[in-house]
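For reference, the chains in residue letters:
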Amino acid sequence: MTWVKVCGLTRESDVAAAVEAGADALGFVLAESSVRRVSPEQARDLMESVPTLRILVTVDASPSEMVAMVEATGADGVQPHGRQAAEAARAASRAGLFVLRPVRAGEGETSSGVPEGQIPILDSASGTHHGGTGVPLDWGSLSVPNRPFVLAGGLTPENIRDAISVVDPWGVDASSGLETKPGIKDPARVAAFVAAAKGL
């Protein structure tokens, strides 16, 4: 059964909808540049008593900043983008955290440099945007890792079954494809996405 992460959560009602739908992980964006940004304090409050894996999404965070963010929020995992991502991911791994390591597959990057113990997440980054673009990858031309990986990039309830059938990922991650507007999730789309991804 496919592992599912719902990312870019900003409201308690959306967190509840994702948990109720059966998502395996929830993503909270701390990056200043994101329209889905929440503060560490907001992330901590949104994560409180959540029974699923809770992942912080950051951009350009140093290892020490990453550790401080995790301590401030109580997160279980991290998804570090941008400068110092490799160093931050290593620090998170040493701390025993779940690590999703972004790979800008839409720009030709591969997962070959992602260490064991970190899970590659293939996404359609563009320029300064580190994901959440809503642009699907060209699934047929992806360099698919011979290891567990997560597929992201423009996934929706309408295309997720096709994506899984072509790419066969261990997990999938969606954000903008589940929204009525940036940062505001549609509970019906969240439920439909999780159900379709898991084949329910």
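Cut-offs and rules
- Residues numbered from 1 in each chain as written.
- Predicted model: local features only at pLDDT ≥ 70, side-chain atom pairs only at ≥ 80, totals over all residues.
- Heavy atoms only, no water.
- Buried < 20%, exposed > 50% of the residue type's maximum accessible area, 1.4 Å probe, protein only.
- Helix = DSSP H or I, 4+ residues; strand = E, 2+ residues; numbered from the N terminus.
- Pairing = 2+ DSSP bridges.
- Right-handed = clockwise from strand over helix to strand, strands pointing away.

A. View of the pairing of strand S4 (residues 77-81). Counting buried positions along S4 gives five out of five residues, so the element sits mostly inside the fold. Burial along S4 is two-sided: the residues Gly-77, Gln-79 and His-81 and Val-78 and Pro-80 are all buried. Strand direction decides the pairing type here: strand S3 (residues 53-59) and S4, joined by five bridges, are parallel. Bridge pairing in S4 links Val-57 to Gln-79. Running through helix H3 (residues 63-73), the crossover from S3 to the neighbouring parallel element S4 is right-handed. In this structure, S4 lies alongside strand S5 (residues 98-104), joined through two bridges in parallel fashion. Bridged to Val-78 within S5 is Val-99. One crossover worth recording links S4 to the parallel S5 by way of helix H4 (residues 85-94), and it is right-handed.

B. Broad picture of unusual backbone geometry. Here Ser-49, not a glycine, exhibits a phi torsion of approximately 65 degrees, which is positive. Its place among the elements puts Ser-49 in the loop between helix H2 (40-47) and S3. Its identity as a non-glycine residue notwithstanding, Asp-168 has a phi of 55 degrees, on the positive side. Tracing the chain through its elements places Asp-168 in the loop between helix H5 (160-167) and strand S8 (171-174). A relative accessible area of 59% means that Asp-168 is categorised as exposed.

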